[in-house]
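Chain residues, written in single-letter form:
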Amino acid sequence: MIKRALLYGFAAAAGVFLWTMAEFALGFHTTRAEVGRYSGFLALVFPVAAIVLAVRAARRAGGGGMRFGEAFGQGMTVAAVFSLLGAVSVWLYFAAINPDFLRSEAAGGVTLLGQGVVRLVS
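Residues numbered from 1 in each chain as written. Predicted model: local features only at pLDDT ≥ 70, side-chain atom pairs only at ≥ 80, totals over all residues. Heavy atoms only, no water.

(A) Region of interest: the overall build of the protein chain. For the protein chain, the count of helices and strands is 4 helices and 2 strands. Put simply, the protein chain runs from its N terminus to its C terminus through helices and strands in the order α-α-α-α-β-β. Classification of the 122 residues of the protein chain by burial places 30% in the buried group. Contacts in the protein chain between residues far apart in sequence, at least 24 positions, make up 60% of those at least 6 positions apart. As presented, the protein chain carries roughly 8,000 Å² of accessible surface, and 70% of it is formed by carbon and sulfur atoms. (Helix = DSSP H or I, 4+ residues; strand = E, 2+ residues; numbered from the N terminus. Buried < 20%, exposed > 50% of the residue type's maximum accessible area, 1.4 Å probe, protein only. Contact = heavy atoms within 4.5 Å. Areas by Shrake-Rupley, 256 points an atom, 1.4 Å probe, with all protein chains shown as cover.)

(B) Examining the nonpolar core more closely. Core analysis: the biggest nonpolar cluster contains 11 residues, these being A5, Y8, A12, A13, V16, A43, A50, A54, A57, V78 and F82. Only α1 (2-25), α3 (45-61) and α4 (68-97) provide two or more residues apiece to this core. Ranked by residue count, the leading element in this core is α1, at 5 residues. Each residue touching A13, except ones within four places of it in the same chain, is listed here: F82, L85 and G86. (Core = buried A, V, L, I, M, F, W, Y, C linked by side-chain atoms within 4.5 Å.)

(C) Region of interest: the packing of α3 against α4. Where α3 contacts α4, the two axes come as close as 9 Å, and the packing angle between them is 140°. By the angle between their axes, α3 is oblique relative to α4. Handedness of the α3/α4 crossing: right-handed. Here P47, A50, I51, A54, V55 and A58 of α3 lie close against α4, whose contacting residues are A71, Q74, G75, V78, A79 and F82. Considered class by class, the residues forming the contact of α3 with α4 number 10 nonpolar, 2 polar and no charged. (Axes fitted to C-alpha atoms, helices over the stretch in contact; angles between N-to-C directions. Parallel < 35°, antiparallel > 145°, perpendicular 65-115°, else oblique. Left-handed = near helix turned anticlockwise from the far one by under 90°. Nonpolar A, V, L, I, M, F, W, Y, C, P; charged D, E, K, R; others polar.)

(D) Quick look at a nonpolar patch on the surface. On the surface, a cluster of nonpolar side chains totalling about 400 Å² of accessible area is made up of Y38, F41 and L44. When you line up the elements, L44 lands in the loop between α2 (33-39) and α3. (Patch = residues over 30% accessible without salt bridge, like charges linked within 9 Å, V, L, I, M, F, W, Y side chains within 5 Å. Salt bridge = Lys/Arg side-chain N within 4 Å of Asp/Glu carboxyl O.)

(E) Structural context of α1. Helix length check: α1, at 24 residues, gives a terminal C-alpha distance of 34 Å against a target of 34 Å (1.5 Å per residue), a fit within 8%. Elements that come into contact with the buried residues of α1 comprise α2, α3 and α4. The positive-phi residue at the C-terminal boundary of α1 is G27, with phi of around 85°. (Expected span 1.5 Å × (residues − 1).)

(F) How the structure looks around the packing of aromatic side chains. Under the definition given, this model contains 3 aromatic pairs. Residues F24 and Y93 carry aromatic rings whose centres are separated by 6.0 Å and whose planes lie at 90° to one another, so their mutual orientation is edge-to-face. Of this pair, F24 sits in helix α1 while Y93 sits in helix α4, placing them 69 residues apart in sequence. Among the residues examined, F24 registers a relative accessible area of 29% and is labelled partly exposed. With a relative accessible area of 5%, Y93 lands in the buried category. Considering the side-chain rings of F68 and F72, the 5.9 Å spacing of their centres and the 25° angle between planes classify their relative orientation as stacked. In this pair, F68 and F72 both sit in helix α4, 4 residues apart, roughly one turn of the helix. (Phe/Tyr/Trp six-rings, centres within 6.5 Å; stacked < 30°, edge-to-face > 60°.)

Have a look at this one:
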């Protein structure tokens with residue numbers, strides 16, 4: 001179960017990271033922010049697909065049947081792996097790749113007040 005969760009969680013995190021890099025390369029986080037506000041929602045496909053595929057693989061490995069608790073546990077483990085790796089990739093993006101994003105107009109009016117305090121500007 002853990003090996004499968006690591007595989008599918010990593011695949012979901014890699015998919016979201018690559019999607020984010022494609023958006024950045026296309027200017028959706030800088031010059032074409034009006035498109036980027038909506039295109040980011042498509043990244044939700046990766047973790048949902050990873051959870052569904054991991055549960056299907058676990059069910060196949062178990063002979064075609066699976067209890068709800070087992071399926072739930074598999075999905076939660078994939079989600080936990082994805083969350084940890086996703087947090088690292090978000091930190092990498094904001095720290096090294098596009099550090100000015102939160103201060104930009106593309107962020108939708110988010111301003112940094114200092115040391116992690118964020119205020120939404122309308």
